[in-house]
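Here are the chains, one letter per residue:
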Amino acid sequence: MHDELTEIDIKKMKDEIAERQKLMPGLLEEVSRTREYGDLSENAEYKCAKQELNANKRRIRFLQNMIKTAVVISTDSPEDVVGLFDVIEVYLPEDDEKETYRIVTTTRNNVFTNNISKESPFGKAVLGHRVGDEVTVQVNANYSYPVRIISIKKGKDDPDLPITK
C-alpha cells in the first residue's frame, strides 16, 4: 500500500527521524545503566528504558516505511472544488449544526483540531465537491449521514501543521 503524502509531509517525517536518531545514544546508555541494577526480571527501570528505546525504534521504522512507500501528491485543486488543505464549512442536517473542517493528509490528521484526513469517510465524501453540494458520508455499512458544503476557503500545505505522533 502506498501513502499519499506531500513534499512537506515527507520533509517533516525525515526531520522527526533525524531527531529520534539523535536520541538513540542516550536511550541505549539508559538501557545499559539500568541493566546494572540487578535482576532484570524485577528491574522496572530497565523495563521502562527498554520500552522507551523500542518505541523510538518502532517510530523510526514506521516513518521510514511510510517514506519508502510514499506517492507524492499535489495539493492543487480548482478554486470552487474541495481539495487538500482547504477549510470547509458544512451543514450537518442531522444535528442542525454548522462545522468547519480542514481536509489534510493522513499524517496530519487530528480530529481534536478539526483536521480531517482525506482518507477518512468524511474526507473521501467531500473531496472534489462544490459549495451547495450535499454528500453522504458513509461511515460503515450500517451508518451514514448527509452533509451540505456551505463554503470553501482554499488552503495550502502549511509547514507549521504538525504530523501526527
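Since the structure is predicted, the reported quantities are computational estimates derived from the model, not experimental observations.

I'm lost on the overall build of the chain in this one. Help?
Within the chain one finds three helices and seven strands. Counting helices and strands in the order they occur from the N terminus, the chain gives β-α-α-β-β-β-β-α-β-β. A globule of 165 residues ought to have a C-alpha radius of gyration of about 15 Å, yet the chain, at 21 Å, is considerably larger. The principal-axis extent of the C-alpha atoms belonging to the chain is close to 65 × 35 × 25 Å. Here the chain holds 165 residues, and 34% of them are scored as buried. Residue pairs at least 24 apart in sequence account for 55% of intrachain contacts in the chain once pairs closer than 6 positions are excluded. Put simply, the chain shows about 10100 Å² of open surface, and 51% of that area lies on carbon and sulfur atoms.

Would you take a moment to explain the side chain of Thr 34 for this structure?
Along the polypeptide, Thr 34 turns up in helix α1 (residues 7-35). Within the structure, the side chain of Thr 34 is placed 3.2 Å from the backbone oxygen of Val 31, a separation counted as a polar contact.

I tried to follow the sheet that holds strand β7 (residues 144-153) on my own but got confused; where do I start?
Paired through backbone hydrogen bonds, the strands of a sheet run either parallel or antiparallel to each other. Read from one edge of the open sheet, five strands run β5-β4-β3-β7-β6, paired in mixed fashion. This sheet does not close on itself; its edge strands, each paired only once, are β5 (115-117) and β6 (134-138). The average undirected angle you get between the axes of adjacent strands in this sheet is 45°.

What is the right way to look at the nonpolar core in this model?
If you look at soluble globular proteins, the nonpolar side chains tend to sit buried side by side. Judged by nonpolar contacts, the single largest core of 21 residues is most densely connected at Ile 88, Val 90, Phe 122, Val 126 and Val 147. Where this core is concerned, the elements lending two or more residues are β3 (87-92), β4 (97-104), α3 (121-126), β6 and β7. Of the residues forming this core, the biggest block, four residues, is contributed by β7. With sequence-adjacent residues up to four places away left out, Phe 122 is seen in contact with Ile 88, Val 90, Tyr 101, Ile 103, Ile 116, Val 137, Tyr 145 and Val 147. Formed by 14 residues, the second largest nonpolar core is a distinct cluster that contains Ile 17, Val 31, Ile 60 and Leu 63.

Definitions and cut-offs
Residues numbered from 1 in each chain as written. Predicted model: local features only at pLDDT ≥ 70, side-chain atom pairs only at ≥ 80, totals over all residues. Heavy atoms only, no water. Helix = DSSP H or I, 4+ residues; strand = E, 2+ residues; numbered from the N terminus. Rg over C-alpha atoms; globule rule 2.2 N^0.38 Å. Buried < 20%, exposed > 50% of the residue type's maximum accessible area, 1.4 Å probe, protein only. Contact = heavy atoms within 4.5 Å. Areas by Shrake-Rupley, 256 points an atom, 1.4 Å probe, with all protein chains shown as cover. Polar contact = N/O pair within 3.5 Å; in protein donor to acceptor, adjacent residues only side chain to side chain. Pairing = 2+ DSSP bridges. Axes fitted to C-alpha atoms, helices over the stretch in contact; angles between N-to-C directions. Core = buried A, V, L, I, M, F, W, Y, C linked by side-chain atoms within 4.5 Å.

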